[in-house]
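Coordinate inspection notes
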Amino acid sequence: MATVIVVTSGKGGVGKTTTSAAMATGLALRGHKTVVIDFDVGLRNLDLVMGCERRVVFDFINVINGDAKLNQALIRDKRIEKLYVFPTSQTRDKDALRREGVDRVMGELRNEFDYIICDSPAGIEHGALSALYHADQAIIVTNPEVSSVRDSDRIIGILAAKSRRAERKEDPVGVHLLLTRYSPARVQRGEMLSIEDVKEILSVPLLGIIPESESVLRASNTGMPVILDPASPAGRAYEDAVARFLGEQRELRFARPERRGFIRTLFGRA
Amino acid sequence: MRLFEFLLPRRPTSATVAKERLQLVLAHERASRTGPDFLPALQRDLLAIVRKYVQADEDAIEVRLDRTGNASVLEINVELPIGAAARAAV
């Protein structure tokens, strides 16, 4: 039986799709059959970040409406075995996520996969609620910045009240904090909320920190999940996050400012 | 020069300010998330009962719900004009 993981944040632009792509790829790399679903109907982007935008034929909404079969819409990743992308519609809007349709599709996916990653749209409207409804686990993507932290707190409250687990009075959704775009140097200068600050404010266990890194943009430019870039600090940090999600102990890297040698300062890149 | 910086009074960093602001606003929002709906009605009914016995102004009653850990404290403050309590006692 699959575990459903929602990647959500409330606020937009904090790294939900980047995280969904990286976590899904990381789980598949470790041999788990994984599908990543784009719930951002009308603003499809997961396909670009995963690099499969030219292979989209049918989408989530087609399957919900019964116009296509699940197997016709799932895109098998060309790099990683056991990794599938489930794109959404670019032309419809979020209302197309009909409750019974989503329920049926999630039921079918649960029978076929180990992990189902739901890439949530921003906001707390229908699209975001549909994405989190089926979740067993939630990854809250947060930037160390006041509006993002506040929105994260809001979405944590919604998970506790409106998820399927909450409705059925089952065990609550497991919530994990992922702090992205973290800059240890700015934290040291007192210009950015620290890991401890955000953990204390939200009182949610930390899954990992992703350092602010130029490699994230380079990865999305080329449609490669950043976790596949061996030179990327953000990629390594996602690798750690995947390991922790699977129960391994990993030391927290990238939490302190990097000491750069003279030559690297002159010629290096992040 | 940072040599004598320790002699100057420490100004809070912007991150410290951010943390304090967030803690304040979230404490307020979390409290109002869990059951703000009945508070206005409760306040109205309580005022009606109080006014049955004593003279009290519309805004003389304050109802607050504070969450501390796993318990909630319902705090009701009624401000009575001087003499009102004495009259009621008669």
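Everything here concerns the structure above.
What comes next concerns the included structure. Just so you know, these numbers come straight off a predicted model, no measurement behind them. (Residues numbered from 1 in each chain as written. Chains lettered and ligands numbered in written order. Predicted model: local features only at pLDDT ≥ 70, side-chain atom pairs only at ≥ 80, totals over all residues. Heavy atoms only, no water.)

In this complex, chain A contributes 14 residues to the contact, which on the side of chain B involves 12 residues. Summed over both sides, the interface between chain A and chain B buries roughly 1,200 Å², with carbon and sulfur atoms accounting for 55% of that surface. In terms of surface lost to chain B, no three residues of chain A exceed Arg150, Asp153 and Ile201 of chain A, which account for 42% of the buried area on that side. Glu29 of chain B serves as the salt-bridge partner of Arg150 of chain A, at 2.5 Å between the closest nitrogen and oxygen. Counting across the interface, chain A meets chain B through nine residue pairs in polar contact (both at pLDDT 80 or more). Element by element, the count of residues in the side of chain A that touches chain B is highest for helix α7 (residues 146-162) of chain A, at six residues. Across the side of chain A that touches chain B, the residue classes tally to six nonpolar, two polar and six charged. (Contact = heavy atoms within 4.5 Å. Buried area = accessible area lost by both parts, 1.4 Å probe. Salt bridge = Lys/Arg side-chain N within 4 Å of Asp/Glu carboxyl O. Polar contact = N/O pair within 3.5 Å; in protein donor to acceptor, adjacent residues only side chain to side chain. Helix = DSSP H or I, 4+ residues; strand = E, 2+ residues; numbered from the N terminus. Nonpolar A, V, L, I, M, F, W, Y, C, P; charged D, E, K, R; others polar.)

Residues and elements named next belong to chain A. Core analysis: the largest hydrophobic core is formed by 53 residues, its most contacted members being Ile37, Phe60, Phe86, Leu109 and Ile116. In terms of residue count, the dominant contributor to this core is α7 (five residues). Once residues lying within four places of it in the same chain are set aside, the contact partners of Leu109 are Val35, Ile37, Leu70, Leu74, Phe86 and Ile116. Core analysis: the next-biggest nonpolar cluster, separate from the first, contains 35 residues, Val36, Cys52, Ile139 and Ala241 among them. (Core = buried A, V, L, I, M, F, W, Y, C linked by side-chain atoms within 4.5 Å. Buried < 20%, exposed > 50% of the residue type's maximum accessible area, 1.4 Å probe, protein only.)

The next thing to look at is the packing of aromatic side chains. Residues and elements named next belong to chain A. According to the stated counting rule, one finds four aromatic pairs over all chains in the structure shown. Note on Tyr84 and Phe113: the rings are 5.5 Å apart at their centroids and 80 degrees apart in plane angle, and the pair reads as edge-to-face. Of this pair, Tyr84 sits in strand β4 (residues 83-86) while Phe113 is found in the loop between α5 (99-112) and β5 (115-119), placing the two residues 29 residues apart along the sequence. Take Tyr84 and Phe113: they sit in the same class, and that class is buried. What links up through ring pairs into an aromatic cluster is the set Phe39, Phe60 and Phe86. Lying across the ring of Phe113, Lys33 places its NZ or CZ 4.9 Å from the centre. One cation-aromatic arrangement involves Arg99 over Tyr133; the distance from NZ or CZ to the ring centre is 4.1 Å. (Phe/Tyr/Trp six-rings, centres within 6.5 Å; stacked < 30°, edge-to-face > 60°. Lys NZ or Arg CZ within 6 Å of the ring centre and 35° of its normal.)

Right, let's talk about the pairing of strand β6 (residues 137-142) of chain A for a bit. Residue and element names in this part refer to chain A. A large share of β6 lies buried, amounting to five of its six residues. When strand β1 (residues 3-8) meets β6, the two strands line up parallel, connected through four bridges. By the bridge assignment for β6, Thr8 is matched with Ile140. Sheet analysis places β6 next to strand β7 (residues 174-182), joined by six bridges and oriented parallel. In the strand pairing of β7, Val141 is matched with Leu178. (Pairing = 2+ DSSP bridges.)

A few words now on the pattern of salt bridges. All names here are of chain A. Scanning the entire structure with this criterion turns up 23 salt bridges over all chains. Where Arg110 meets Asp136, a salt bridge forms, and the shortest distance between an N and an O atom there is 3.4 Å. Separated by 26 residues along the polypeptide, Arg110 in helix α5 and Asp136 in the loop between α6 (126-133) and β6 bring together distant segments of the chain. Among the residues examined, Arg110 registers a relative accessible area of 8% and is labelled buried.

Okay, the packing of α6 of chain A against α7 of chain A next. All names here are of chain A. Between α6 and α7, whose axes approach to 10 Å, the crossing angle comes to 60 degrees. With respect to their mutual orientation, α6 and α7 come out oblique. Considering only the axes of α6 and α7, their crossing is right-handed. Contact residues: α6 offers Leu129, Leu132 and Tyr133, while α7 offers Ile155, Ile158, Leu159 and Lys162. (Axes fitted to C-alpha atoms, helices over the stretch in contact; angles between N-to-C directions. Parallel < 35°, antiparallel > 145°, perpendicular 65-115°, else oblique. Left-handed = near helix turned anticlockwise from the far one by under 90°.)

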